[in-house]
Amino acid sequence: MTQGCLIRIVDDDEDMRESLSFLLESEGWKCSAYSSAREFLIEDAGSVPGCLILDIRMPEMTGLELQQEMNRRKIFLPIVFLTGHGSIDMEVSAMKSGAVEFLQKPVDHARLLGIVRDCVRRCSNGFAVLDFDIIEAKRRWETLTEKEQQVLTLIAAGLLNKEAAERLGNSVRTIENHRAAAMKRLQIKTLAQLHSLIEAVKENKNQ
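For clarity, every value in this text was computed on a predicted model and none was experimentally measured.

1. A closer look at the nonpolar core
Move 1: In terms of nonpolar packing, the biggest core is built from 21 residues, with I7, L24, W29, I53, L112 and V116 touching the most fellow members.
Move 2: Broken down by secondary-structure element, the contributors of at least two residues to this core are strand 1 (6–10), helix 1 (14–26), strand 3 (50–54), strand 4 (79–83) and helix 5 (109–120).
Move 3: When near neighbours in sequence (up to four residues on either side) are disregarded, L112 contacts L20, L23, I53, V80, L82, L103 and V107.

Here it is in structure tokens:
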């Protein structure tokens, strides 16, 4: 288990905070629980690596609004959304903005713990969503075909496979094949990683 990592829980439901804290602490994780997004922003030490388990619907500031504020402040904690009120639009918005996962309550504990382990494994590399140097990221991106780059750019922007297929004039199966092959070549597995890589490549081109 990675040492020195902190699992944050932000949920206005006290029972949920206590349940998640108990689950994670029983597995050896260090946890901090917050009842609101504002409390998290005020009290959390953003320099401590780890991840954030975040509810969607909360008073004053929602989970999605907190995610946007964290991006604005350049707080790059991996976020796992855990909610009983999710929708496809919410999920697309969350993943487009860099979330690692979007899970519905009640969540399978084994699955959640696995996701947390994947997140904190990156602690030693500054807890970025994607561990890579920009030179290697750019090199891998440039090995893709033009079609593969087009497909991944649309997927990273939040489009579903079907929507990307309609936009590019291809079948859904063709899009799925291009997506799978390109993700494998880039050595990434999640939409959050894809989004981070594309943004990094764009930044490098603009320098």
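2. Re the confidence of the model for the protein
Move 1: In this model, the protein carries an average pLDDT of 81, and 78% of its residues clear a pLDDT of 70 or more.
Move 2: Within the model, pLDDT remains below 50 along residues 124–131, and this stretch shows 23 contacts once partners closer than five positions in the same chain are excluded.

3. Remarks on the packing of aromatic side chains
Centre distance and the angle of the planes are the two values used to describe a pair of aromatic rings.
Move 1: Per the counting criterion, the structure on display carries two aromatic pairs.
Move 2: On the basis of an interplanar angle of 80° and a centroid distance of 5.7 Å, the ring pair of Y34 and F40 is categorised as edge-to-face. Both residues of the pair, Y34 and F40, count as buried.
Move 3: Ring centres of F81 and F102 lie 6.0 Å apart, and the angle between their planes is 45°; this geometry places the pair in the tilted category. In this pair, F81 is assigned in strand 4 and F102 in strand 5 (residues 101–104), connecting sequence segments 21 residues apart. An identical accessibility class is assigned to F81 and F102; each is buried.

4. Examining unusual backbone geometry
Move 1: Residue P106 is reached from K105 by a cis peptide bond, and omega for that bond is -10°.
Move 2: Secondary-structure assignment places P106 in the loop between strand 5 and helix 5.
Move 3: Although it is not a glycine, E60 adopts a positive phi angle of roughly 70°.
Move 4: With respect to the helices and strands, E60 occurs in the loop between strand 3 and helix 3 (63–72).

5. Points about the environment of Q150
Move 1: Summarising the element assignment, Q150 is placed in helix 7 (residues 146–156).
Move 2: When its relative accessible area of 29% is taken as the criterion, Q150 is described as partly exposed.
Move 3: Measuring from C-alpha to C-alpha, the distance between Q150 and L168 comes to 8.3 Å, with 18 residues separating the pair along the chain.

6. A few points about the packing of helix 8 (residues 161–168) against helix 9 (residues 172–186)
Move 1: Running from N to C, helix 8 and helix 9 cross one another at 105°; their axes reach a closest spacing of 8 Å. Viewed along their axes, helix 8 and helix 9 adopt a mutual orientation that is roughly perpendicular. Contact with helix 8, carried on its side by N161, K162, A164, A165 and L168, involves V172, I175, E176 and R179 of helix 9 and no other residues of that element.

Rules of the game
- Residues numbered from 1 in each chain as written.
- Predicted model: local features only at pLDDT ≥ 70, side-chain atom pairs only at ≥ 80, totals over all residues.
- Heavy atoms only, no water.
- Core = buried A, V, L, I, M, F, W, Y, C linked by side-chain atoms within 4.5 Å.
- Buried < 20%, exposed > 50% of the residue type's maximum accessible area, 1.4 Å probe, protein only.
- Helix = DSSP H or I, 4+ residues; strand = E, 2+ residues; numbered from the N terminus.
- Contact = heavy atoms within 4.5 Å.
- pLDDT = per-residue confidence, 0-100.
- Phe/Tyr/Trp six-rings, centres within 6.5 Å; stacked < 30°, edge-to-face > 60°.
- Axes fitted to C-alpha atoms, helices over the stretch in contact; angles between N-to-C directions.
- Parallel < 35°, antiparallel > 145°, perpendicular 65-115°, else oblique.

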